[in-house]
Amino acid sequence: MDAGSEGLTSAQRRALAQIWAVLPQARLVGGVVRDLLMGRSVADVDMATPETPEQVQDTLTAAGIKVVPTGLSHGTVTAVIASAPYEITTLRRDMETDGRHAVVCWTTDWREDAARRDFTINAMSRSRDGALHDYFGGQADLAQGLVRFVGDAGTRIEEDALRILRFFRFQGRYGTGEPDAEAMRAITQRVGLITRLSVERVWSELQRILTGPNAATQVAMMAEAGVLSAILPQGFALGRFIHLVQAGAPADAVLRLAALAEGSKLDVAQHLKLSRADTAFLLAVSEGPVPETDVTDAALRRFLADEPAPPLIGRTWLRQATLLADAEAGQTAQTETAQPDARAFEALRKRLEGIPRPVFPVAGRDIVAAGHAPGPAVGQVLARVRNWWMAEGCTASREACLDRLRHGFE
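Predicted model, so just to flag it, every value in this text is computed and none were measured.

Asker: Mind showing me how you'd approach the overall build of the protein chain here?
Answerer: Summing up its helical and strand segments, the protein chain has 21 helices and nine strands in all. Since a compact globule built from 410 residues should have a radius of gyration of about 22 Å, the 28 Å found for the protein chain marks it as more spread out than a globular shape. Overall size of the protein chain, expressed as C-alpha extent along the three principal axes, is 90 × 55 × 40 Å. Going through the 410 residues of the protein chain one by one, you find that 46% of them count as buried. The contacts in the protein chain between residues at least 6 apart in sequence include a share of 62% that link residues at least 24 apart.

Asker: What's the story with the domain arrangement of the protein chain in this structure? I'm lost.
Answerer: Interface size is commonly expressed as the accessible area that is lost once the parts come together. For the protein chain, the assigned domains are domain 1 (1-144), domain 2 (150-230), domain 3 (232-358) and domain 4 (364-407). Here the C-alpha centroids of domain 2 and domain 3 sit 27 Å apart. Every contact between the two is made by 14 residues of domain 2 and, on the other side, 19 residues of domain 3. Carbon and sulfur atoms supply 75% of the area buried between domain 2 and domain 3, which totals about 1500 Å² over both sides. On inspection of domain 2 and its partner domain 3, the count reaches one salt bridge. One salt bridge connects Lys 273 with Glu 200, and the closest N-O pair in it is separated by 3.8 Å. Put simply, the parts of the chain that give the side of domain 2 that touches domain 3 at least two residues each are α9 (199-211), α10 (215-225) and α11 (227-231).

Asker: Would you take a moment to explain the nonpolar core for this structure?
Answerer: Soluble globular proteins: nonpolar side chains tend toward being buried together. One finds Phe 167, Phe 168, Trp 203, Met 222, Val 227, Ile 231 and Leu 257 to be the most contacted residues of the largest nonpolar core, which totals 70 residues. Setting aside residues no more than four positions away along its own chain, Leu 257 makes contact with Trp 203, Leu 210, Leu 232, Val 268, Leu 272, Leu 274 and Leu 282. Judged by nonpolar contacts, the second largest core, of 24 residues, contains Ala 26, Met 47, Val 67 and Met 124.

Asker: Even after reading the chapter, I still don't get the pairing of strand β2 (residues 45-49), so can you show me in this structure?
Answerer: A regular strand carries its side chains on alternate faces of the sheet. Among the five residues in β2, four count as buried, and that is most of the element. Sheet topology places strand β1 (residues 27-29) next to β2; two bridges connect them, and they run antiparallel. Along β2, the bridge assignment pairs Leu 28 with Met 47. Relative to strand β5 (residues 84-90), β2 runs parallel, the two sharing five bridges. From the neighbouring strand, Met 47 faces β5, where its bridge partner is Ile 88.

Asker: Got a minute to help me understand empty space enclosed by the protein in this structure?
Answerer: The gaps of empty space that remain are located by a probe, the size of a water molecule, rolled over the atoms. Overall, the coordinates contain one cavity of 30 Å³ or more when judged by the stated rule. What the largest cavity holds in volume is close to 50 Å³. Contributing to the lining of the largest cavity are Val 29, Trp 110, Asp 113, Ala 114, Arg 117, Ala 123, Met 124, Ser 125 and Tyr 135. Considering every element that reaches the lining of the largest cavity, the biggest residue donor is helix α4 (residues 110-115), with three residues. Its residues assigned to classes, the lining of the largest cavity shows six nonpolar, one polar and two charged.

Asker: How do you make sense of the sheet that holds β5 when you look at a structure like this?
Answerer: Hydrogen bonding along the main chain pairs the strands of a sheet, whether they run parallel or antiparallel. If you walk across this open sheet you meet the seven strands as β3-β4-β5-β2-β1-β8-β9, and the pairing is mixed. Only two strands of the sheet have a single partner each, and these edge strands are β3 (66-71) and β9 (132-133). Sheet topology places β1 next to strand β8 (residues 125-126); two bridges connect them, and they run antiparallel. Counted as the bridge partner of Leu 28 is Arg 126 from β8. Across the face of the sheet, helix α3 (residues 53-62) comes into contact with β2, β3, β4 (76-81) and β5 while running at roughly 160° to β3.

Asker: Got a minute to help me understand the pairing of β5 in this structure?
Answerer: In this structure, β4 lies alongside β5, joined through six bridges in antiparallel fashion. Within β5, the residue paired with Ala 79 across the bridge is Tyr 86. The hairpin formed by β4 and β5 contains two residues between the paired strands, and Ala 82 there has a positive phi angle of roughly 55°.

Asker: I tried to follow the environment of Pro 85 on my own but got confused; where do I start?
Answerer: Looking at where Pro 85 falls in the secondary structure, it is placed in strand β5. Once you skip the residues sitting within four places of it in the chain, Pro 85 turns out to touch Val 45, Thr 78 and Ala 79.

Asker: Explain the pattern of salt bridges to me, please; I cannot follow it from the model alone.
Answerer: The tally for this structure, following the rule as stated, stands at 20 salt bridges. Close ionic contact of Asp 160 with Arg 201 constitutes a salt bridge, the shortest N to O distance being 3.5 Å. Note that Asp 160 is positioned in the loop between α6 (153-159) and α7 (162-174) and Arg 201 in helix α9, a separation of 41 residues in sequence. The class for Asp 160 is buried, based on a relative accessible area of 16%.

Asker: Please clarify how the packing of aromatic side chains should be interpreted in this entry.
Answerer: How two aromatic rings sit relative to each other is set out by the distance from centre to centre and by the angle between their planes. Per the counting criterion, the structure on display carries eight aromatic pairs. On the basis of an interplanar angle of 80° and a centroid distance of 5.4 Å, the ring pair of Phe 167 and Phe 168 is categorised as edge-to-face. Neither Phe 167 nor Phe 168 differs from the other in exposure class; each is buried. When the ring centre of Trp 110 is taken as origin, the NZ or CZ atom of Arg 27, which lies over that ring, is 4.0 Å away. Sitting over the ring of Trp 317, Arg 349 keeps its end group 3.4 Å from the ring centre.

Asker: Honestly, helix α12 (residues 238-246) in this entry has me stumped. Any pointers?
Answerer: An α-helix turns once every 3.6 residues. As a result, residues three or four positions apart point the same way. The set of residues buried in α12 consists of Arg 240, Phe 241, His 243, Leu 244 and Val 245. On its buried side, α12 packs onto α9, α10, α13 (253-260) and α17 (309-328). Just downstream of α12, Gly 248 is the residue with a positive phi angle, here 95°.

Reading the values: the criteria
- Residues numbered from 1 in each chain as written.
- Predicted model: local features only at pLDDT ≥ 70, side-chain atom pairs only at ≥ 80, totals over all residues.
- Heavy atoms only, no water.
- Helix = DSSP H or I, 4+ residues; strand = E, 2+ residues; numbered from the N terminus.
- Rg over C-alpha atoms; globule rule 2.2 N^0.38 Å.
- Buried < 20%, exposed > 50% of the residue type's maximum accessible area, 1.4 Å probe, protein only.
- Contact = heavy atoms within 4.5 Å.
- Domains from an automatic or database assignment.
- Buried area = accessible area lost by both parts, 1.4 Å probe.
- Salt bridge = Lys/Arg side-chain N within 4 Å of Asp/Glu carboxyl O.
- Core = buried A, V, L, I, M, F, W, Y, C linked by side-chain atoms within 4.5 Å.
- Pairing = 2+ DSSP bridges.
- 1 Å grid on protein atoms, 1.4 Å probe; cavity = no way out; pocket = protein on both sides within 12 Å on 5 of 7 lines; lining within 4 Å.
- Points joined across faces, edges and corners; volume = space filled by probe spheres on them.
- Nonpolar A, V, L, I, M, F, W, Y, C, P; charged D, E, K, R; others polar.
- Axes fitted to C-alpha atoms, helices over the stretch in contact; angles between N-to-C directions.
- Phe/Tyr/Trp six-rings, centres within 6.5 Å; stacked < 30°, edge-to-face > 60°.
- Lys NZ or Arg CZ within 6 Å of the ring centre and 35° of its normal.

Here it is in structure tokens:
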């Protein structure tokens, strides 16, 4: 393959050679072209071709290549080579759009297919000989760090409102300087279209924005354009989110959502239809006590005996960000507490990570074995033993706990 393909692995090169041997008109499209131009490694390889889906399927099958009809109604089949997928989509034009879905028909016009894509940097294609086909100035925009809609920005958004969120995701990753003025104007005027989207699609894009490059800047832009209000009607705390990111918190989408969202976190989770695991972490990281930075190891063990380290560590990040945001807003006195010591918080987090989680070494059967009759009283006695174990710093052994049980608590 030509010299401009350094971002492809040897396995990808071999697979493309197999595909091009039977579909010579096919081209690389979208993100793979963009990433190759930037010298980045390629994760997913997408292709387009003027052949119909049925022709593509028959041709690949005849060549001994496994084919999965992943989206025939949208013209997409997937070639599976060495266990890796290569999506191949027939050139399309939109017959009808409703802001969420499009009814398409096939075309053999590459420019017509490119015109229906979202941004100029995603509308380029690259043929077998390495030639770049760039109908809307995507290469120049990529070099300038400009994320620009193909054609009229408002039309592209009306075709699919999810492009509003995709704009900020791509702006964060590829944009430099001020965002495209036409794009921002079109987004601000059409922000209400977001309510037509499924919240699952919204959360999928929002996660990538919250954890992507330049997240603080992009979320601030979203707030200015009215996008955050549409996504999080419960309210948002922009300052807290920005300080969380600037403080170096992990790029965890749920932690960052906890910093950004205001109001009931359960309402937020239900609104965005988070998974059970994400909902549980959102609630755990947002509620409950936060260890002080000068807390003793014994106290930390007591915290860890009640719950695992991740939500505790998450709460320290939220506490740090909240203090910084409050200080910036002038809501706290200019004291050491109002301006938290980042090193103290970091030391606290390292201690939480480094202390093994204590496990209470006594169970209900031990209480019965010690002579207590089975029943509700067993739980009460067990709780008294555990309270003593906690008060002792969660270090007492099983033998020490049983000895305390035998000698009573008077």
